[in-house]
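As a plain string of letters, each chain reads:
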Amino acid sequence: MHLLRRDHQFEYRDFLGIDQQAKADVWVSTGGERAVVVLHDISHTGQQARAALSSLNYSWLPYLLRPDAQLEVLVLRPAEDEGAKARAWVLPLSA
């Protein structure tokens, strides 16, 4: 896999109707059949992550990925402590 985009800043509207800012990294396999999107700066609620992914699906991802690409989405937790380990959770594709 190689990095296609790093720290792409985007705006999404959360489930409360408030505009939020976030960042995303996109990794793709050599043939483009698999892709991983890593979302940063999103609070750890499933609703926030789904809203951010929905925004990317309508605005940005269709131009970067093949239509048949298998997509995995990771959401990194916000840094609460500088010395904390990075943790992520996988957003279900049915979101």
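Below: a short report on this structure. (Residues numbered from 1 in each chain as written. Predicted model: local features only at pLDDT ≥ 70, side-chain atom pairs only at ≥ 80, totals over all residues. Heavy atoms only, no water.)

Assigned secondary structure in the chain consists of two helices and five strands. Of the regular secondary structure in the chain, the N- to C-terminal order runs β-β-β-α-α-β-β. Considering only contacts in the chain between residues 6 or more positions apart, those separated by 24 or more positions represent 50%. (Helix = DSSP H or I, 4+ residues; strand = E, 2+ residues; numbered from the N terminus. Contact = heavy atoms within 4.5 Å.)

Inspection of the sheet shows strand β1 (residues 2–13) paired to strand β2 (residues 19–28) by nine bridges, in the antiparallel sense. Following the sheet pairing, H8 is matched in β2 by A24. From the end of β1 to the start of β2, which pair antiparallel, there are five residues, and G17 there has a positive phi angle of about 85°. Here β2 folds back onto strand β3 (residues 34–40) in antiparallel fashion, the turn holding five residues, of which G32 has a positive phi close to 80°. (Pairing = 2+ DSSP bridges.)

This brings us to a nonpolar patch on the surface. Together, M1, L3 and W27 line one region of the surface with nonpolar side chains, adding up to about 260 Å² of accessible area. As for its position among the elements, M1 is in the segment before β1. (Patch = residues over 30% accessible without salt bridge, like charges linked within 9 Å, V, L, I, M, F, W, Y side chains within 5 Å. Areas by Shrake-Rupley, 256 points an atom, 1.4 Å probe, with all protein chains shown as cover. Salt bridge = Lys/Arg side-chain N within 4 Å of Asp/Glu carboxyl O.)

A few words now on the pattern of salt bridges. Tallied over the entire structure, the rule returns three salt bridges. For the salt bridge of E72 with R34, the shortest nitrogen-to-oxygen distance reads 3.7 Å. Note that E72 is positioned in strand β4 (residues 70–76) and R34 in strand β3, a separation of 38 residues in sequence. The exposure class assigned to R34 is partly exposed, which follows from its relative accessible area of 36%. Between R66 and D68 there is a salt bridge whose closest N-O contact spans 2.9 Å. The exposure class of R66 is partly exposed, given its relative accessible area of 37%. (Buried < 20%, exposed > 50% of the residue type's maximum accessible area, 1.4 Å probe, protein only.)

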